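Inside the fold
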Number of protein chains: 2
Amino acid sequence: MDRVLGIDVGGTSIKVGLFTPEGELLEERKIPTPALVGQVAYDVVTDGITRVLTAHDSVPNDVIACGLDIPGPVADDGTVGFLPNIELDPEGLVGAISAVFSHATVAFVNDANAAALGEMWAGVAHGTSSFVFIALGTGVGAGVVANGRLIAGAFGAGGEVGHITVNKDETLVCGCGRRGCLEQYASAKGIVRLYLAECERRGVTPVPIEHATDTLSVFRALAAGDDCAKLAVDQMCEYLALAMSQISCVVDPAMYLIGGGVAGAFATFAPALRARFLARALPTCRGVRIEAASLGNQAAMYGCAYEALRLHGELS
Amino acid sequence: MDRVLGIDVGGTSIKVGLFTPEGELLEERKIPTPALVGQVAYDVVTDGITRVLTAHDSVPNDVIACGLDIPGPVADDGTVGFLPNIELDPEGLVGAISAVFSHATVAFVNDANAAALGEMWAGVAHGTSSFVFIALGTGVGAGVVANGRLIAGAFGAGGEVGHITVNKDETLVCGCGRRGCLEQYASAKGIVRLYLAECERRGVTPVPIEHATDTLSVFRALAAGDDCAKLAVDQMCEYLALAMSQISCVVDPAMYLIGGGVAGAFATFAPALRARFLARALPTCRGVRIEAASLGNQAAMYGCAYEALRLHGELS
């Protein structure tokens, strides 16, 4: 029986999804690992996966495709760029996987790009060949799909919409070294910062904030009628809508999908986001749908499995 | 012998290119026409094309593909949107062409998109699967190619980069009804306006300007050491570089091609444009090449022929 693997690569564990080639998820299992450098770590990965296979009456040679999603740039040609947040030797890991699952086509996919493909394979974007998935999480990432294909980019920066400049007057520096990037306002950290800044500006005591990305407390405050929270979320929507209006002038998608942790509050901010997009966008593009993503944190696992399967030649 | 047609559709004439399926241009001929509405006009078009075919020992049934490039939006599915600058009945024209060239696959392509495809088929982008062609002319249009395919857009606005917002503080209104679009600064009209505005601001007499899009005089003034011309061209480069840095965050192309009438002065402004792009762009994307387009005003004719041929199934 042909099997497909989708592997979320993290710093201290991997999450393996075992799929059929038709996209049915048979099992999802988390495997704690040391840093993914060296044979000991690779053995932990391949042994763990082999046990998942055994539990489903499958053997390593049943695996025809294995996708790995990673938090870093992957170019059009599959080359992995610099990974700031994870210890990983991509070539070593591919070698170890290929040695055990010798029939498998192996592919790396950037995490936000993988999530976009997952939504296309098994989520709300199913049947849509033109959409942009935007993940509002710790940072802001995205996956751009046009003509049914992911745009990874010549240098792996396709969908780096978190670094679209939305405020030329910003004085704070973004993680990328530039100023005024979308990520500074529409990430979880950005929303919390906008809220605290507005409270300070008005001399108001903010609601208790647990940590730098605690948007839950900001959205709760908004629901309770907190004006500073309302203003912060409005600003977030304004900057996100501005960036989306720029994206539409480039690829003009049929749909925007909003995912990532912040999208838990999508129903709360969607009306403001849609209204601001309509006010900002080129008239031609205003028919675009703006919806919530559907697969949550499983999306990337689905998507990297899909991409490996596509490269294997099982998908058009 | 299989033949392919590429037709530039204009308001008072069409320009027909007769090609081999390999992309060799056999002949280019301009045919004056009435507005492309009604059988009389269609007959002028098909009779004129038939004479070009006859001169090359070909008959109407030899035509396997016929592309038409038009100055307006064409969506992913081939639907033609509103055409503000031309009198044309798309369905009628396709019907008339199909009646005479009954073996031909007919396709409409937006003019800037067609030019991008032309540069990929027979120009400097040959062999490149990821690039953005930007036409700086009366307006600013573009064609975005990723994974070797044009991105026409769900609503035909793919590559409408002339309407990327680059200056939120602009008070003048763009043709699209919004403010601060790239087209207001990087079109021929925009460059002339920036020049005249700077002369007025400094109380300097400008060089004689023949018409609203006379960038030739502005670039001549620049060559002669005119400070206002230098500032206008620097501003144009700054806004264009800013828009390109946004485009790179979406599709991350391997190459930008600058075409259109203003690109006649590419050698003059390229150093400033490249320097400003490097200063603005996300570090990951800075390896992109910025070059002049190569096919001039033949590009769109090549490109619409290519797209019709692709739809016909002769190209992968």
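Chain A is annotated in an unreviewed UniProt entry as ROK family protein from Thermophilibacter immobilis. Quoted straight from UniProt, the Sequence similarities (unreviewed entry) entry for chain A says "Belongs to the ROK (NagC/XylR) family."

1. Observations concerning the overall build of chain A
Along the backbone of chain A there are nine helices and 10 strands. The C-alpha radius of gyration of chain A comes to 20 Å, within 12% of the 20 Å expected for a compact globule of 316 residues. Judged by the C-alpha coordinates and their principal axes, chain A covers about 60 × 40 × 35 Å. Long-range pairs, those at least 24 residues apart, make up 62% of the contacts in chain A with a sequence separation of at least 6. Summed over its atoms, the accessible surface of chain A is roughly 12,200 Å², and 51% of this surface lies on carbon and sulfur atoms. Averaging the locations of the 21 positively and 34 negatively charged side chains of chain A gives two centres separated by 10 Å.

2. Topic: the domain arrangement of chain A
All names here are of chain A. When cut into domains, chain A gives domain 1 (3-117 + 298-312) and domain 2 (127-294). Between the C-alpha centres of domain 1 and domain 2 there is a distance of 29 Å. Contacts between domain 1 and domain 2 engage 11 residues on the former and 15 residues on the latter. For the pair domain 1 and domain 2, the summed buried area comes to about 1,000 Å², and 58% of that belongs to carbon and sulfur atoms. It is Asp-76, Asn-113 and Ala-116 in domain 1 that bury the most area against domain 2; as a group they hold 42% of the surface buried on that side.

3. Quick notes on the relation of the copies chain B and chain A
Of the transformation superimposing chain B on chain A, the axial component is 0.0 Å and the angular component is 180°, with the fit at an RMSD of 0.0 Å. When the rotation and shift are considered jointly, the pair of chain copies conforms to a two-fold rotation axis. Of the interface residues in chain B, 100% have counterparts in chain A that sit at the interface too, so the contact is made through matching surfaces.

4. Overview of the environment of Lys-30 of chain B
All names here are of chain B. Note that Lys-30 resides in strand 3 (residues 25-32). Taking the C-alpha atoms as reference, Lys-30 lies 9.9 Å from Ile-49; in sequence the two are 19 residues apart. Excluding anything up to four places from it in sequence, Lys-30 contacts Ser-13, Ile-14 and Lys-15.

5. A word on the pattern of salt bridges
On inspection of all chains with the given rule, the structure shows 22 salt bridges over all chains. In this structure, Arg-29 of chain A and Glu-27 of chain A form a salt bridge, with 2.9 Å as the shortest nitrogen-oxygen distance. Residue class for Arg-29 of chain A comes out partly exposed when judged on its relative accessible area of 29%. Across the salt bridge formed by Glu-238 of chain B and Arg-280 of chain B, the nearest N and O atoms sit 2.6 Å from each other. With Glu-238 of chain B in helix 7 (residues 227-250) and Arg-280 of chain B in helix 8 (residues 266-280), this pair connects stretches of sequence that are 42 residues apart. Accessibility expressed as a relative area gives 26% for Arg-280 of chain B, which makes it partly exposed.

6. Concerning the sheet that holds strand 1 (residues 3-9) of chain A
All names here are of chain A. Taken in spatial order, the five strands of this open sheet run 3-2-1-4-5, and their pairing is mixed. At either end of the open sheet lies a strand with only one pairing partner, and these are strand 3 (25-32) and strand 5 (105-110). Each neighbouring strand pair of the sheet contributes to a mean axis angle of 20°, computed without reference to strand direction. With seven bridges joining them, strand 2 (residues 13-19) and strand 3 adopt antiparallel strand pairing. Its bridge partner being in strand 3, Phe-19 is matched across the sheet by Leu-25. Each of strand 2, strand 4 (63-70) and strand 5 touches helix 3 (residues 111-122); the most contacted strand, strand 5, lies at about 110° to it. Sheet strands touched by helix 9 (residues 299-312): strand 1, strand 2, strand 3, strand 4 and strand 5. Its angle to strand 4, the strand with the most contacts, is close to 130°.

Reading guide: rules and limits
- Residues numbered from 1 in each chain as written.
- Chains lettered and ligands numbered in written order.
- Predicted model: local features only at pLDDT ≥ 70, side-chain atom pairs only at ≥ 80, totals over all residues.
- Heavy atoms only, no water.
- UniProt positions renumbered as here; feature names shortened; annotations may be inferred.
- Helix = DSSP H or I, 4+ residues; strand = E, 2+ residues; numbered from the N terminus.
- Rg over C-alpha atoms; globule rule 2.2 N^0.38 Å.
- Contact = heavy atoms within 4.5 Å.
- Areas by Shrake-Rupley, 256 points an atom, 1.4 Å probe, with all protein chains shown as cover.
- Lys, Arg positive; Asp, Glu negative; His and termini not counted.
- Charge placed at Lys NZ, Arg CZ, Asp CG, Glu CD.
- Domains from an automatic or database assignment.
- Buried area = accessible area lost by both parts, 1.4 Å probe.
- Least-squares fit on C-alpha atoms with pLDDT ≥ 70 in both.
- Salt bridge = Lys/Arg side-chain N within 4 Å of Asp/Glu carboxyl O.
- Buried < 20%, exposed > 50% of the residue type's maximum accessible area, 1.4 Å probe, protein only.
- Pairing = 2+ DSSP bridges.
- Axes fitted to C-alpha atoms, helices over the stretch in contact; angles between N-to-C directions.

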